[in-house]
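Chain by chain, the residues:
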Amino acid sequence: MKLSGLLPVFLLLWADRSSSGIQSHPKPSCRYPPSQWCRSLEIAIACNVQKQCMEVNATRSYQAVPPVSVTLYYESLCPACRVFITQQLFPTWMMLQDIMTVTLVPYGNAKELPSANSPFTCQHGEPECRGNMIEACIIHLTGHTAFQIIYCMESAVDVLNAAQPCLQLYAPSVTWLSVDSCVRGSLGHQLMHANAVMTRALNPPHTHVPWVTFNGEYTEENEDKAMSSLFSSVCQLYKGVKPPACTGAPVRLNRGFC
C-alpha cells in the first residue's frame with residue numbers, strides 16, 4: 001500500500017470555507033473526513049467542495065522531485081511496532097504527506113508453513129496472525145484510507161477488537177463483511193503470502209521488527225536515525241525544496257524492537 005497525502009489541501013479548504021462565508025460543515029451526505037474531500041470528484045461533490053478542490057489543485061506546485069518512499073515491515077501485535085506506527089510513522093506522514101509515501105507490510109517475524117489448515121505461525125501467537133491478516137485485507141480493500149485505519153487499530157488497547165469500529169470510522173463504504181470474508185477466504189492467505197515473499201526478499205534479511213527501508217534500501221545508519229526521529233530522516237532524505245514543517249526542531253524518541 002502506498003499513501004501520499006493532501007494535508008495542505010483540506011487545511012486550505014477549511015480556511016476558504018470560513019472566509020467565503022460558506023457553512024463550515026459539509027452537507028449531510030458527506031461522510032468523509034476533511035483529509036479526503038479532494039481525493040475524488042465524487043467525494044468533493046458529496047461534501048460540496050468541488051469548486052474549492054479545483055482551485056487548490058490548480059495552485060499546488062508541481063512536485064518534480066520524487067517523494068521519499070518509506071516501507072515498514074512489521075507485526076500487528078509487536079509492542080515496538082505499535083509504538084513506531086503511532087508515535088513516529090503516522091505523525092510524520094500527517095505532517096509530510098506531500099514529500100513521502102508509506103508502504104505497510106504486516107508480516108514481520110512470521111513463518112509460512114506448508115499446511116492447509118494453518119499456513120502461518122507468528123511471533124506473538126495466533127491472535128497476531130489474525131491481526132496481520134486483518135490489516136493486510138484492510139490495506140487491500142480500502143486503499144488510501146488504510147493508514148488511518150491501521151493507526152486507529154494500533155493505537156487502541158485491543159488491536160483486534162478495534163478493527164471493525166476503525167473501519168467504520170475511516171472507510172464507511174467498506175463493509176466489515178468484506179474484510180471478514182477476505183480473512184476467512186483464500187484472498188487473505190494470498191495477501192499474507194505476498195507479504196511473506198516481500199519480507200523474505202529483503203536484502204539484507206531483516207533481523208527484527210520494526211524494519212524500515214527508505215527508497216527500497218536498508219542501512220543501519222538510516223535505521224538509527226529513523227528510530228530516533230523519522231521526521232528528521234524524511235526531511236533530510238527529500239531532495240526537493242523542503243516544506244516549512246521541516247524547519248522545526250527535531251524531537252528524538254527511544255527505540256525498541258521485536
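About the cut-offs
Residues numbered from 1 in each chain as written. Predicted model: local features only at pLDDT ≥ 70, side-chain atom pairs only at ≥ 80, totals over all residues. Heavy atoms only, no water. Helix = DSSP H or I, 4+ residues; strand = E, 2+ residues; numbered from the N terminus. Buried < 20%, exposed > 50% of the residue type's maximum accessible area, 1.4 Å probe, protein only. Contact = heavy atoms within 4.5 Å. Areas by Shrake-Rupley, 256 points an atom, 1.4 Å probe, with all protein chains shown as cover. Pairing = 2+ DSSP bridges. Axes fitted to C-alpha atoms, helices over the stretch in contact; angles between N-to-C directions. Core = buried A, V, L, I, M, F, W, Y, C linked by side-chain atoms within 4.5 Å. Disulfide = S-S within 2.5 Å.

**Considering the overall build of the protein**
From N to C terminus, the protein includes 10 helices and five strands. Expressed as a percentage of the 258 residues in the protein, the buried residues total 46%. Sequence separation of at least 24 residues holds for 69% of the intrachain contacts in the protein that already meet a minimum separation of 6. Taken as a whole, the protein presents about 12700 Å² of accessible surface, with 58% of it coming from carbon and sulfur.

**A closer look at the sheet that holds strand E1 (residues 68–74)**
Pairing in this open sheet of three strands is mixed, and the strands run E2-E1-E5 from one edge to the other. Both edges of this open sheet fall to strand E2 (100–106) and strand E5 (211–214), since each of them pairs with a single strand only. Averaged over all neighbouring strand pairs, the angle between strand axes comes to 15°, with direction disregarded. Sheet topology note: the E1/E5 ladder contains four bridges and is antiparallel. In the sheet register, threonine 71 faces E5, and the bridge partner there is threonine 213. The strands that helix H9 (residues 186–200) touches are E1 and E2; relative to E2, the one it contacts most, it runs at about 110°.

**Describing helix H6 (residues 146–154)**
Counting buried positions along H6 yields eight of nine residues, so the element is predominantly enclosed. Residues of H6 that are buried include every one of Ala146, Phe147, Gln148, Ile149, Ile150, Cys152, Met153 and Glu154, and no others. Structurally, H6 contributes buried residues whose contacts are with E1, helix H4 (79–96), E2, helix H5 (126–142) and helix H7 (159–170).

**Let's talk about the nonpolar core**
Where a protein is soluble and globular, its nonpolar side chains tend to be buried together. Counting residues in hydrophobic clusters, the biggest one holds 57 residues, and the most contacted among them are Leu89, Leu104 and Val234. Excluding residues within four positions of it along the chain, leucine 89 makes contact with Val70, Leu72, Phe84, Met100, Val102, Leu104, Phe147 and Leu230. Membership of the second largest hydrophobic core comes to eight residues, among which are Trp37, Cys38, Cys47 and Val49.

**Quick notes on the state of the cysteines**
Inspection of every chain in the model, using the stated rule, returns five disulfides. Disulfide partner of cysteine 122: cysteine 129, at an S-S distance of 2.1 Å. Because the sign of the S-S torsion sets the handedness, a value of about 115° for the bond joining cysteine 122 and cysteine 129 places this disulfide among the right-handed ones. Residue cysteine 122 is classed as buried on the basis of its relative accessible area of 11%. Linked covalently through their sulfurs, cysteine 137 and cysteine 182 form a disulfide whose S-S length is 2.0 Å. As the torsion about the S-S bond is roughly -80°, the cysteine 137-cysteine 182 disulfide counts as left-handed. Taken as a pair, cysteine 137 in helix H5 and cysteine 182 in helix H8 (residues 176–184) lie far apart in primary sequence, 45 residues in all. In this pair, the class of cysteine 137 matches that of cysteine 182, namely buried. Its sulfur unpaired, cysteine 81 is 3.1 Å from the next cysteine sulfur, which belongs to cysteine 78.

**Looking at unusual backbone geometry**
Here the amide bond leading from asparagine 203 into proline 204 is cis, since omega sits at 10°, within 30 degrees of zero. Residue placement: proline 204 occurs in the loop between H9 and E5. Between valine 209 and the following residue, proline 210, the backbone shows a cis peptide bond with an omega angle of 0°. With respect to the helices and strands, the residue proline 210 is situated in the loop between H9 and E5. In this model, asparagine 48 sits at a positive phi of 60°, which is unusual for a non-glycine residue. Topologically, asparagine 48 is positioned in the loop between helix H2 (41–46) and helix H3 (50–59). The backbone phi angle of asparagine 215 is positive, close to 55°, even though this residue is not glycine. With respect to the secondary-structure elements, asparagine 215 resides in the loop between E5 and helix H10 (220–237). Assessed through its relative accessible area of 46%, asparagine 215 is described here as partly exposed.

Honestly, that's just the spatial picture; any functional story needs more than this.
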